Amino acid sequence: MSPSAVEIQARTLAGYADASRLRQVHDRDWVLDRVTGSPETLIDLGSGIGQLLDTALGRFPSLRLAVGLERSEHRLAEAARRLAPYGDRAVLHAADLTAPEQLPYRAQVITQTSVLHWLYPDEDRIFAWVAEHLAPGGRFLLTTYHPARDAQGLGGEDELVREALTALGTPAASVAALLAAHGVLPIATRTRTVDDLLAVLAPHLRVAGHAERDAVVTVDSAEQYEHFHAATFGDYYAQVLPGPRRADFYRAVGAAAWRRQNERGHVSHMPVRLWELTAHEEFVAGTGNRPARA
Ligand SMILES: C[S@@+](CC[C@H](N)C(=O)[O-])C[C@H]1O[C@@H](n2cnc3c(N)ncnc32)[C@H](O)[C@@H]1O
């Protein structure tokens, strides 16, 4: 049986420009509004389809270089098309942020929006990398999502997935075990609490400020959420089902979201934190010594 359109979408993470309007897009201006001065270099970590880089290049004429690091080849290709009009001002690198390579750039601004949970439990590696790639006085602007976690350790998208799997016949109480059996970490585990994150980043970075917003997701139809899930999470959750059942899974996620929309007036909401981080002064001064945990 050939894969359905939504399965192909999940494999290639296609349709993100449209899907991200539901949640992730709001981080873009929120983060860029925090940029001060006239930055010359900006690095975006997990740059997706290049939307933040595109906006930044348009907003900050001082930017001589906007660099994107991204793992997905499909997203890199879409970003390259989007950023082509900027010529040499935009550079994209294929990169795994859990094992980031050194780059010959220091940036006044480094950004990372809606990505950090995918790097769990190795976030400290990207924090160390950022400390080494910030220019003196530079800022790391990071957004992190914090869904509530229930007794089974599930929260955020995990809950919609549980509702979908239950509708397809898995008892609700068995969903956590089914995910674990396939090595799928619940998103509510991947998204550390603010205190946990503070402990992980403190050896590398200093908190200069923060802001919070509530990310509320609403939809106009079940299909809209079905495509949001496929474009955002790909087959991360769907892999727990055999191939022929995956199209039903995406449909069931959409139906669960639509049911919630009708019952609650929204599909989900969760706090999002915007962190403003700087390198420790000792590190910027070039002593080469990482400071002890702050
Ligand atoms: C939810 S999207 C966010 C994209 C963009 N930053 C935004 O705010 O719209 C998460 C992005 O992180 C990328 N990503 C996840 N894990 C990664 C890794 N280990 N290395 C590089 N990129 C990664 C994904 O491919 C995806 O493009």
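Residues numbered from 1 in each chain as written. Predicted model: local features only at pLDDT ≥ 70, side-chain atom pairs only at ≥ 80, totals over all residues. Heavy atoms only, no water.

**Q** Account for empty space enclosed by the protein, naming residues and giving values.
**A** Considering all chains together, one arrives at 1 cavity of 30 Å³ or more under this definition. Considering only enclosed or pocket space, the largest cavity measures out at about 70 Å³ in volume. Of all the elements, strand E5 (residues 134-145) adds the most residues to the lining of the largest cavity, at 3 residues. (1 Å grid on protein atoms, 1.4 Å probe; cavity = no way out; pocket = protein on both sides within 12 Å on 5 of 7 lines; lining within 4 Å. Points joined across faces, edges and corners; volume = space filled by probe spheres on them. Helix = DSSP H or I, 4+ residues; strand = E, 2+ residues; numbered from the N terminus.)

**Q** How would you summarise helix H12 (residues 246-264) if you had to cite specific residues and measurements?
**A** Its 19 residues give H12 an end-to-end C-alpha distance of 27 Å, which sits within 8% of 27 Å, the value for a rise of 1.5 Å per residue. For H12, every residue scored as buried is listed here: Ala-247, Phe-249, Tyr-250, Ala-252, Val-253, Gly-254, Ala-256, Ala-257, Arg-260 and Gln-261. Phi turns positive one or two residues past the end of H12, at Gly-265, with a value near 85°. (Expected span 1.5 Å × (residues − 1). Buried < 20%, exposed > 50% of the residue type's maximum accessible area, 1.4 Å probe, protein only.)

**Q** I'd love a proper account of the nonpolar core, names of residues and values included.
**A** Inside soluble globular proteins, nonpolar side chains tend to come together where they are buried. Residues Leu-165, Leu-179, Tyr-225, Tyr-237, Phe-249, Tyr-250 and Val-267 are the most contacted members of the largest nonpolar core, which totals 32 residues. Within the residue set of this core, elements represented by two or more residues are helix H1 (5-12), helix H7 (157-167), helix H8 (175-181), helix H11 (222-233) and H12. Per-element accounting of this core gives the leading share, 6 residues, to H12. Sequence-distant contacts of Leu-179, that is, excluding residues within four places in its chain, are made with Leu-154, Val-184, Tyr-237 and Val-240. Of all hydrophobic cores here, the second largest spans 29 residues; its members include Leu-119, Ile-126, Trp-129 and Leu-277. (Core = buried A, V, L, I, M, F, W, Y, C linked by side-chain atoms within 4.5 Å. Contact = heavy atoms within 4.5 Å.)

**Q** Give a description of the packing of helix H6 (residues 123-133) against helix H10 (residues 194-201) that names residues and reports values.
**A** Axes are the key here: two packed helices are described by the angle between their axes and the distance separating the axes. Here H6 crosses H10 at 50°, and the two axes come no closer than 9 Å. In terms of their interaxial angle, H6 and H10 are classed as oblique. In terms of crossing hand, the pair formed by H6 and H10 is right-handed. When H6 is examined against H10, the residues Glu-123, Asp-124 and Phe-127 are found in contact with a partner set consisting of Leu-197, Val-200 and Leu-201. Grouping the constituent residues of the contact of H6 with H10 by class yields 4 nonpolar, no polar and 2 charged. (Axes fitted to C-alpha atoms, helices over the stretch in contact; angles between N-to-C directions. Parallel < 35°, antiparallel > 145°, perpendicular 65-115°, else oblique. Left-handed = near helix turned anticlockwise from the far one by under 90°. Nonpolar A, V, L, I, M, F, W, Y, C, P; charged D, E, K, R; others polar.)

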